[in-house]
Amino acid sequence: MSVGKIEINGKVHEAPIIIGSEGEVALDISKLRAATGMITLDGGFKNTGSCTSSITYIDGANGVLRYRGYAIEELCEKSSFLEVSKLLVDGNLPNSSALSSFQDQIKKASSLPEGVKSIIKSFPKSAHPMGVLSSALAALSGHFEAKDYGNLSKADFDELIPTMMGAVKMIAAYNYRHNKGENFLDSKSDLDYCSDFINLMFGEVDKDIAEALDVLFILHADHEQNCSATAARVAGSAHANIFASMASGVNALWGPRHGGANQKVIEMLEMIEADGGDYQKYIEKAKDKSDPFRLMGFGHRVYKNFDPRAKIIKKYCETVLNKLGVKDPTLDIAKGLEEVALKDPYFVERKLYPNVDFYSGIIYRALGIPTNMFTVMFAIGRMPGWIAQWKELLGQGMAISRPRQVYTGETLRTYKDVESR
Ligand code: CMC
């Protein structure tokens, strides 16, 4: 085993170097504090690995994304969302009988207790669907037997995983129906996952829409230690139940710097369109440090060349719009923005490229999904990834997540200081 050396005040601390299967290297500083009294400081975890993981591999410099070793491009072409979900949570592509029993389990889990339906109905129609999703997922915990989350059995995983996959689809569709003032429909056992979701929402199935969603969900299914996966892992590390852990993922995803960006992208494109379509003006705003405006759907913590998901989605966007016969002026604005930004030194120097959210909203809009549901679509796609991350964490017996800090507040003071004021 190779070691790295950290010299602090003349004392040398040796730390093991961990090498991943794709050659990624990390200095294991887990014993640093005990040996030296010092911690490391890395706000936003820009340079900190929180775990070892065998689920998803990203090479940000080269725009590579693989689930369990399979290239995202090949999975989008050859797999279904449920097959990819099983791959993520189990580690290997399922054979046909394992896939069909997974499908059956999800179908059995595709209904909601009356209490959870009532919770969805209790929300004002203006409520953001991500808040409803998070609340309903957490509420679902009350309808399942409490378990020892530090010692789950295979049977527990076999029950809980399809439960979450079924629940996220039902909650999203029922919230849509509630907002439209329409009655809730039952899941149909003869439909595949995406067709059932479309039917639950719209009361009819469109094969083209279901196929498009399937690819979008595969593209969103996992993305290693991103903000929401980390939130789900952190809650899971406390042995919070799966419902609470997945709701933590939903809440983190909601933010506009993360999954919430897909809603913000469409709102931005609509704003530029309403403002006459002058995208150069918005490029200048994004570059202006005194202006809080950022080009939504641009930039990524890990991808510094291109986001392979954005490449697939951009191509797919044109295909879907053509297939559905939709002409959307925001697509032209998005392409124009991209073209200008990719030549602009500000974006080039900072390695800012379109990310997964830049074009996905245009497809969702063409599919008839309301803008405030875009992030929920991301959450449905990401559910198997969160589950896989959570399951891996529990399997590794990971310690509770509990970072340290460097305190910069007042040193000890007493009431006497207040009295003498
Ligand atoms: N528009 C304008 N400037 C930007 C943008 C942007 N979209 N993104 C980053 N920058 C600039 C930023 O101002 C900084 O400039 P400087 O070095 O002069 O201070 C530099 O680029 C580095 O940015 P950062 O915020 O330090 O980078 P980060 O790794 O902390 O943040 C990000 C990554 C995705 C949060 C950020 O790029 C961003 O806010 N993008 C817009 C929101 C978005 O599209 N989010 C979806 C991400 S992909 C979906 C997902 O998986 O979550």
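Look a little higher up for the structure.
Rules behind the numbers
Residues numbered from 1 in each chain as written. Predicted model: local features only at pLDDT ≥ 70, side-chain atom pairs only at ≥ 80, totals over all residues. Heavy atoms only, no water. Helix = DSSP H or I, 4+ residues; strand = E, 2+ residues; numbered from the N terminus. Buried < 20%, exposed > 50% of the residue type's maximum accessible area, 1.4 Å probe, protein only. Contact = heavy atoms within 4.5 Å. Areas by Shrake-Rupley, 256 points an atom, 1.4 Å probe, with all protein chains shown as cover. Lys, Arg positive; Asp, Glu negative; His and termini not counted. Charge placed at Lys NZ, Arg CZ, Asp CG, Glu CD. Axes fitted to C-alpha atoms, helices over the stretch in contact; angles between N-to-C directions. Parallel < 35°, antiparallel > 145°, perpendicular 65-115°, else oblique. Left-handed = near helix turned anticlockwise from the far one by under 90°. Nonpolar A, V, L, I, M, F, W, Y, C, P; charged D, E, K, R; others polar. Core = buried A, V, L, I, M, F, W, Y, C linked by side-chain atoms within 4.5 Å. Near = heavy atom within 4 Å. Polar contact = N/O pair within 3.5 Å; in protein donor to acceptor, adjacent residues only side chain to side chain. Pairing = 2+ DSSP bridges. Phe/Tyr/Trp six-rings, centres within 6.5 Å; stacked < 30°, edge-to-face > 60°.

Colleague: Explanation requested: the overall build of the protein chain in the structure shown.
Modeller: When you go through the protein chain residue by residue, the secondary structure sums to 19 helices and six strands. Seen through its principal axes, the protein chain has C-alpha atoms that stretch 70 × 60 × 55 Å. For the protein chain, buried positions account for 46% of its 421 residues. Taking as baseline every contact in the protein chain between residues at least 6 positions apart, the subset at least 24 positions apart corresponds to 70%. For the protein chain, the exposed surface amounts to about 20800 Å²; the carbon and sulfur share of it is 51%. With 49 positive and 52 negative side-chain charges, the protein chain shows a separation of 4 Å between the mean positions of the two kinds.

Colleague: It is not clear to me how the packing of helix α12 (residues 261–274) against helix α18 (residues 374–395) should be interpreted in this structure. Could you clarify?
Modeller: The description of two helices packed together rests on the angle between their axes and the distance between the axes. Two elements in contact, α12 and α18, have axes separated by 7 Å at closest approach and are oriented at 150°. Here α12 lies roughly antiparallel to α18, going by the angle between them. Handedness of the α12/α18 crossing: right-handed. Taken together, the residues of α18 that come into contact with α12 (itself represented by Asn 262, Gln 263 and Ile 266) are Phe 374, Thr 375 and Phe 378. Taken together, the residues of the contact of α12 with α18 break down into three nonpolar, three polar and no charged.

Colleague: Would you mind going over the nonpolar core with me for this structure?
Modeller: In terms of nonpolar packing, the biggest core is built from 116 residues, with Tyr 67, Leu 137, Met 246, Leu 295 and Trp 390 touching the most fellow members. Discounting chain neighbours no more than four positions away, the residues touching Trp 390 are Tyr 149, Leu 152, Phe 157, Leu 160, Gly 236, Ala 240, Ile 242, Ser 245 and Met 246.

Colleague: Can you walk me through the site of the ligand in this structure?
Modeller: Inspection of the region around the ligand gives 23 residues, with His 258, Lys 289, Arg 294, Leu 295 and Arg 301 positioned closest. The contact in question runs from a nitrogen atom of the ligand to an N or O atom on the backbone of Arg 257, over 2.9 Å. About the coverage of the ligand: the protein hides 79% of its 930 Å² of free accessible area. Of the residues assigned to the shell around the ligand, the class counts are nine nonpolar, six polar and eight charged.

Colleague: Which parts of the structure should I look at to understand the pairing of strand β1 (residues 3–8)?
Modeller: A regular strand carries its side chains on alternate faces of the sheet. Two strands pair when backbone bridges link them, and β1 and strand β2 (residues 11–19) are joined in this way by six bridges, in the antiparallel orientation. Bridge pairing in β2 places Ile 8 opposite Lys 11. Between the end of β1 and the start of β2, which pair antiparallel, lie two residues, with Asn 9 showing a positive phi angle near 50°.

Colleague: Please clarify how the packing of α12 against helix α17 (residues 356–366) should be interpreted in this entry.
Modeller: Remark: α12 packs on α17, axes separated minimally by 8 Å, with the N-to-C direction vectors making an angle of 80°. When the axes of α12 and α17 are compared, the pair comes out roughly perpendicular. Touching Ala 261, Asn 262, Val 265, Ile 266, Met 268, Leu 269 and Glu 270 of α12 are Asp 357, Phe 358, Ser 360, Gly 361, Ile 362, Tyr 364 and Arg 365, all from α17. Along the lines of polarity and charge, the residues of the contact of α12 with α17 split into eight nonpolar, three polar and three charged.

Colleague: How should I be thinking about the packing of aromatic side chains in this particular structure?
Modeller: A ring pair, where both rings are aromatic, is described by two values, the distance of the centres and the angle of the planes. Tallying each qualifying case throughout the model produces 13 aromatic pairs. Here the aromatic rings of Tyr 174 and Phe 184 are separated by 4.2 Å at their centres, their planes lie at 10°, and the arrangement is stacked. Taken together, the residues span a long stretch of sequence, with Tyr 174 in helix α7 (residues 154–180) and Phe 184 in the loop between α7 and α8 (193–202) at a distance of ten residues. Assessed through its relative accessible area of 17%, Phe 184 is described here as buried. Aromatic pair Tyr 364 and Phe 374: ring centres 5.5 Å apart, planes at 45°, arrangement tilted. One end of the pair, Tyr 364, is in helix α17; the other, Phe 374, is in helix α18, and ten residues separate them in sequence. You can call Phe 374 buried: its relative accessible area is 0%.

Colleague: In this structure, what is going on with the side chain of Thr 375? I would like to understand it.
Modeller: Tracing the backbone through its elements, the reader meets Thr 375 in helix α18. Of the polar contacts made by the side chain of Thr 375, one reaches the side chain of Asn 262; its length is 3.0 Å. Other than its neighbours up to four places away in sequence, Thr 375 contacts Met 130, Leu 253, Trp 254, Gly 259, Gly 260, Asn 262 and Gln 263.

Geometric values such as these leave the question of function open.
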